[in-house]
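# Fold and contact review
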Amino acid sequence: MDATASGDPTGSEVIAGAGPVTRPGERATVRLRETDPEEPPRYAPEWLQLRESADAAARAHDLLDPLRIRLANLPGKAGGIVVHDLGCGTGSMGRWLAPRLDGAQHWILHDRDPYLLHFAAVASPRAAADGSRVTVETRRGDVARLTPDALIGASLVTASALLDVLTREEVDTLAEACTGAGCPALLTLSVAGRVDLSPSLPLDAEIAEAFNAHQRRGGLLGPDAITAACEAFSDRGATVKVHPSPWRLGPAEKALTEQWLRGWVGAAVEERPELAGRAEAYLAERLAANAAGELRVVLHHSDLLALARPAGGTS
């Protein structure tokens with residue numbers, strides 16, 4: 001099903017029936033990357049759906065209380081909060097977070113894929129933790145380059161599995177936008193560059209190292225993203241809290257583990273083709289152990305909460 005165009009010449013899109021339409025004359029708040037604007041979507045919806053329960057179980061609940069305190073003290077909160085979800089995918093962040101926050105919420109979902117935007121909008125929650133209304137709208141575009149208008153009126157910026165596919169410059173731009181607007185940011189599930197597999201095999205470390213190198217291709221931050229984001233937000237006066245958010249995969253997550261294994265090993269071989277022969281046998285052994293319910297995987301991520309100084313005041 002296609003998204004319904006709002007009539008905004010900047011390319012903002014809204015899903016009919018899923019939330020308020022874009023106001024006349026409103027400008028798009030994100031731009032497509034200038035290089036290769038026809039680049040296909042980064043994530044398949046099937047993969048995003050497969051990982052959603054593992055993401056939900058992994059996200060750091062310990063960051064919610066300081067976030068709730070900040071949101072409760074926002075000026076002008078009487079009308080509810082406005083949340084920008086960057087690179088929303090199928091909308092899993094909204095489905096996880098909106099029911100955990102009190103008060104009316106308006107979510108603005110950003111992604112470059114209109115199919116994912118449609119899915120995210122129609123599957124979004126409609127009620128907050130206290131039963132208040134949750135509304136949603138969508139805007140098509142890549143979050144790599146936030147425009148100056150992006151966070152006008154924003155109460156919170158969220159993203160999931162995003163930081164590690166940005167460059168240092170893009171993370172700096174994100175931090176500048178959030179801190180300039182006095183807007184907190186909850187940025188979850190960034191890869192930490194470490195995987196623990198049980199039972200262990202001799203090739204584990206080589207595969208992990210090659211995968212991490214693949215993640216850094218083209219200047220992307222990969223496993224360095226959390227460190228870069230901490231620096232970017234801290235340098236701009238924000239208080240930054242980081243908490244581990246690992247996937248813990250066992251027999252109940254066989255389907256997810258299988259797909260993750262294939263992608264993990266495949267990226268490693270793409271980065272280091274000389275691994276191909278050994279990696280093929282390694283993958284076959286790992287897949288067999290997974291199918292037999294004998295494999296355990298801890299895939300380390302980190303969640304980051306950046307509490308910027310409120311605009312025009314002190315924290």
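Chains are numbered independently. Their residues run from 1 in the order of the written sequence. Side-chain atom pairs in this predicted model are given and counted only at pLDDT of 80 or more, local residue features only at pLDDT of at least 70, and totals for whole chains, interfaces and linings cover all residues. The basis for the side-chain values is all heavy atoms of the structure; hydrogens and waters are excluded.

## A look at the overall build of the protein chain
What the protein chain contains, in helices and strands, is nine helices and 12 strands. When the 315 residues of the protein chain are sorted by exposure, 53% land in the buried category. A fraction of 83% describes how many contacts in the protein chain between residues 6 or more apart in sequence connect residues 24 or more apart. Carbon and sulfur atoms provide 53% of the accessible area of the protein chain, an area that totals close to 14000 Å². Every helix listed is a DSSP run of H or I at least four residues long, and every strand listed is a run of E at least two residues long, numbered separately from the N terminus. Buried means the residue's accessible area, taken with a 1.4 Å probe over protein chains only, is under 20% of the maximum for its type, while exposed means over 50%, and partly exposed covers the values in between. Only heavy atoms enter the contact rule, under which two residues are in contact if any of them lie within 4.5 Å. Only the protein chains shown count as cover for residues, with accessible areas throughout obtained via the Shrake-Rupley method and a probe of 1.4 Å.

## Digging into the side chain of Asp164
Here Asp164 lies in the loop between strand E8 (156-160) and helix H5 (168-181). We score Asp and Glu as negative and Lys and Arg as positive, and we do not count His or the chain ends. In the sections that follow, a salt bridge refers to a side-chain nitrogen of Lys or Arg positioned within 4 Å of a carboxyl oxygen of Asp or Glu. Despite its burial, Asp164 pairs with no opposite charge, the nearest such side chain being Arg51 at 7.5 Å. Among the polar contacts listed, one links the side chain of Asp164 to the backbone nitrogen of Val191, at a separation of 2.8 Å. The contact partners of Asp164, leaving out residues within four places of it in the chain, are Leu189, Ser190, Val191, Gln215, Leu220, Leu221, Gly222 and Ala225. Two N or O atoms count as a polar contact when they lie within 3.5 Å, although within protein this holds only if one can serve as hydrogen donor and the other as acceptor, and sequence-adjacent residues are included solely when both atoms are side-chain atoms.

## Quick look at the nonpolar core
Take the buried residues of types Ala, Val, Leu, Ile, Met, Phe, Trp, Tyr and Cys, join any two whose side-chain atoms come within 4.5 Å, and each joined set is a nonpolar core. One finds Val157, Leu163, Leu187 and Phe233 to be the most contacted residues of the largest nonpolar core, which totals 30 residues. Only E8, H5, strand E9 (185-198), helix H7 (225-235) and strand E12 (296-307) provide two or more residues apiece to this core. The greatest single-element share of this core, amounting to seven residues, is contributed by H7. Discounting residues that sit within four places of it in the chain, Leu187 has contacts with Thr158, Ala159, Leu163, Leu174, Phe233, Ser302, Asp303 and Leu304. Val195, Leu249, Leu275 and Val297 belong to the second largest nonpolar core, which has 29 residues in total.

## Observations regarding empty space enclosed by the protein
It is the rolling of a water-molecule-sized probe over the atoms that shows where space remains empty. A cavity here means a set of 1 Å grid points, computed over protein atoms only, where a 1.4 Å probe fits but cannot escape. A pocket is an open set with protein on both sides within 12 Å along at least 5 of 7 lines, and lining residues have an atom within 4 Å of a point. Grid points are joined across faces, edges and corners, and a volume is the space filled by probe spheres set on the points. Per the counting criterion, the structure on display carries three cavities of 30 Å³ or more. Space inside the second largest cavity adds up to approximately 60 Å³. Looking at the lining of the second largest cavity element by element, the count peaks at three residues for strand E6 (residues 134-140).

## Observations regarding the confidence of the model for the protein chain
Each residue carries a pLDDT score, the predictor's own confidence in it, on a scale running from 0 to 100. Across the protein chain, the average pLDDT comes to 85, with 82% of residues at or above 70. With pLDDT under 50 throughout, residues 1-38 is counted as low confidence; its partners more than four residues away or in other chains account for 76 contacts.

## Quick look at helix H6 (residues 204-215)
The α-helix winds at 3.6 residues per turn, so residues separated by three or four positions along the chain end up facing the same way. Between the first and last residue of a helix there are one fewer steps than residues, each counted as 1.5 Å, and that sum is the expected span. Taking 1.5 Å per residue as the helical rise, H6 with its 12 residues ought to reach 16 Å, and the 17 Å between its terminal C-alpha atoms agrees with that figure. Looking at the buried residues of H6, the elements they touch are E9, helix H8 (254-271) and helix H9 (276-291).

## Re the environment of Leu116
For Leu116, the location among the structural elements is in helix H4 (residues 114-122). The buried category is assigned to Leu116, whose relative accessible area is 3%. Put simply, Leu116 and Leu48 are 68 residues apart on the chain and 9.7 Å apart in space, counted from C-alpha to C-alpha.

## Some thoughts on the pattern of salt bridges
Considering all chains together, one arrives at 15 salt bridges under this definition. The salt bridge partner of Asp55 is Arg51, with a shortest N-O separation of 2.8 Å. One end of the pair is Asp55 and the other is Arg51, both in helix H1 (residues 45-58) and four residues apart, which spans about a single turn. A single burial state applies to Asp55 and to Arg51, both of which are buried. In this structure, the salt-bridge partner of Glu206 is Arg278, at a minimum N-O distance of 3.1 Å. Residue Glu206 is found in helix H6, and its partner Arg278 is found in helix H9; the two are separated by 72 residues along the sequence. On the basis of relative accessible area, Arg278 is assigned to the partly exposed category, the value being 43%. Each of Glu206, Arg272, Glu274 and Arg278 takes part in salt bridges that share partners, so that together they form one network.

## Points about the packing of H6 against H9
H9 packs onto H6 with a crossing angle of 110 degrees between their chain directions and a minimal axis gap of 11 Å. When the axes of H6 and H9 are compared, the pair comes out roughly perpendicular. Residue-level inspection shows Asp204, Glu206 and Ile207 of H6 in contact with H9, the latter providing Arg278, Ala279, Tyr282 and Arg286. As a rule, the C-alpha atoms of each element are fitted with a line to give its axis, helices using only the stretch in contact, and angles between N-to-C directions run from 0 to 180 degrees. Throughout this description, any angle smaller than 35 degrees is read as roughly parallel, any larger than 145 degrees as roughly antiparallel, any in the 65 to 115 degree range as roughly perpendicular, and the remainder as oblique.

## Here's the deal with the pairing of E9
Across a regular strand the side chains alternate sides, sitting on one face of the sheet and then on the other. The pairing of E8 with E9 spans four bridges and is parallel. Among the inter-strand pairings, Thr158 is bridged to a residue of E9, identified as Leu186. Paired strands, in this sense, are two strands between which DSSP finds at least two bridges. The sheet contact formed by E9 and E12 spans nine bridges and is antiparallel. Within the sheet, the bridge partner assigned to Val195 lies in E12 and is Leu299.

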